[in-house]
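# Fold and contact review
This is what each chain is made of:
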Amino acid sequence: MLKYYNNEVIKMEKKVPEHIAIIMDGNGRWAKKRGLARTFGHMEGAKALRRIIEYLSKINVKYLTVYAFSTENWNRSEDEVSTLMSLFLKYIKNEKKSMIKNGIRFFVSGRKNNVPKNLLEEIEKLQEETKENRNLTLNIAFNYGGRAELVDAVNKIIENNEKNIDEEKFKKYLYNDFPDPDLVIRTSGEYRISNFLLWQIAYAELYITDVLWPDFDEKEIEKAIESYSNRNRRFGGVENV
């Protein structure tokens, strides 16, 4: 593993996950602690995401999936939902040049219903413009729910009149065909999966931190990777002695 510090490359003996998934939790609490509106927490959360993308792209992580907006988040106030939609649109426009320049492939997993038309158009445009990039794939779970993804997959299978479905066939009907996450990180100290990647994280390693998402930085991701590196992944087998 290569660690970048003050523009110097340092070799590190760590196993680097191919695919990291993050439940970015704590934006609202971060803002509340500072007496600010929740909007400011989401804005700082976007900055944290930028930091993590830049860092992971340097250490050869190939896939990053982040939980940005769940199917249950529609139950939040109309003002907050509207703000989140606007922030995502702004994020796409602001980060487009950087993603193209740095070889980041952009992808969004989730349902399209209820998402504003102008946002969908920008999502599809950036996905097309970055589809050949291979440095890091940023997969944003937006209007996403693990149960919804499984239901949608089953309905597609029924529509196609598929028979004798096994795991490999089933995976083809999920929102994307990326490798399963090796490591799932949840910020803000909550011990829940929250309907995130229910199929894909069957054997992922879990890492929970009390750090709120806007405060999550390179040092914190290093801690998570260090923890992952020291684990023995058995996938249901016998522990190596």
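In what follows, the structure referred to is the one given above.
A few points on the structure. Values in this document were obtained by computation on a predicted structure and should not be read as measured data.

### A few points about helix H5 (residues 146-159)
With 14 residues, H5 extends 20 Å from end C-alpha to end C-alpha; this agrees with the ideal 20 Å at 1.5 Å per step. For H5, the complete set of buried residues consists of Gly-146, Ala-148, Glu-149, Asp-152, Ala-153 and Ile-157. Where H5 is buried, its residues contact strand S6 (136-144) and helix H6 (167-171). Two residues or fewer after H5 comes Asn-161, characterised by a positive phi angle close to 55 degrees.

### So, helix H7 (residues 218-229)
Its 12 residues give H7 an end-to-end C-alpha distance of 16 Å, which sits within 8% of 16 Å, the value for a rise of 1.5 Å per residue. Every buried residue of H7 is listed here: Glu-220, Ile-221, Glu-222, Ala-224, Ile-225, Tyr-228 and Ser-229. One side-chain oxygen at the N-terminal end of H7 lies 3.2 Å from the backbone nitrogen of Lys-219; it belongs to Asp-217.

### As for the sheet that holds strand S7 (residues 183-186)
Taken together, the six strands give an open sheet; going across it, the order is S5-S6-S4-S3-S7-S8, and neighbouring strands pair in parallel fashion. Because the sheet does not close on itself, it has two edges, and the strands there are strand S5 (104-109) and strand S8 (205-208). Across this sheet, the average inter-strand angle for adjacent strands is 20 degrees, counted without regard to direction. Relative to S8, S7 is paired through four bridges, and the arrangement is parallel. Counterpart to Leu-183 in the pairing with S8 is Glu-205.

### Quick look at the packing of aromatic side chains
For any pair of aromatic rings, geometry is given as the distance between the ring centres together with the angle between the planes. Using the criterion set out here, one finds 11 aromatic pairs in the structure. Taken together, a centroid distance of 6.0 Å and an interplanar angle of 80 degrees make the contact between Tyr-67 and Tyr-144 edge-to-face. Taken as a pair, Tyr-67 in strand S4 (residues 63-70) and Tyr-144 in strand S6 lie far apart in primary sequence, 77 residues in all. In terms of burial, Tyr-67 and Tyr-144 fall into one category: buried. In this structure an aromatic cluster arises from ring pairing among Tyr-67, Tyr-144, Tyr-175 and Phe-196. When the ring centre of Tyr-228 is taken as origin, the NZ or CZ atom of Lys-15, which lies over that ring, is 5.9 Å away.

The rules behind each value
- Residues numbered from 1 in each chain as written.
- Predicted model: local features only at pLDDT ≥ 70, side-chain atom pairs only at ≥ 80, totals over all residues.
- Heavy atoms only, no water.
- Helix = DSSP H or I, 4+ residues; strand = E, 2+ residues; numbered from the N terminus.
- Expected span 1.5 Å × (residues − 1).
- Buried < 20%, exposed > 50% of the residue type's maximum accessible area, 1.4 Å probe, protein only.
- Contact = heavy atoms within 4.5 Å.
- Polar contact = N/O pair within 3.5 Å; in protein donor to acceptor, adjacent residues only side chain to side chain.
- Pairing = 2+ DSSP bridges.
- Axes fitted to C-alpha atoms, helices over the stretch in contact; angles between N-to-C directions.
- Phe/Tyr/Trp six-rings, centres within 6.5 Å; stacked < 30°, edge-to-face > 60°.
- Lys NZ or Arg CZ within 6 Å of the ring centre and 35° of its normal.

Just distances and angles here, no functional claims.
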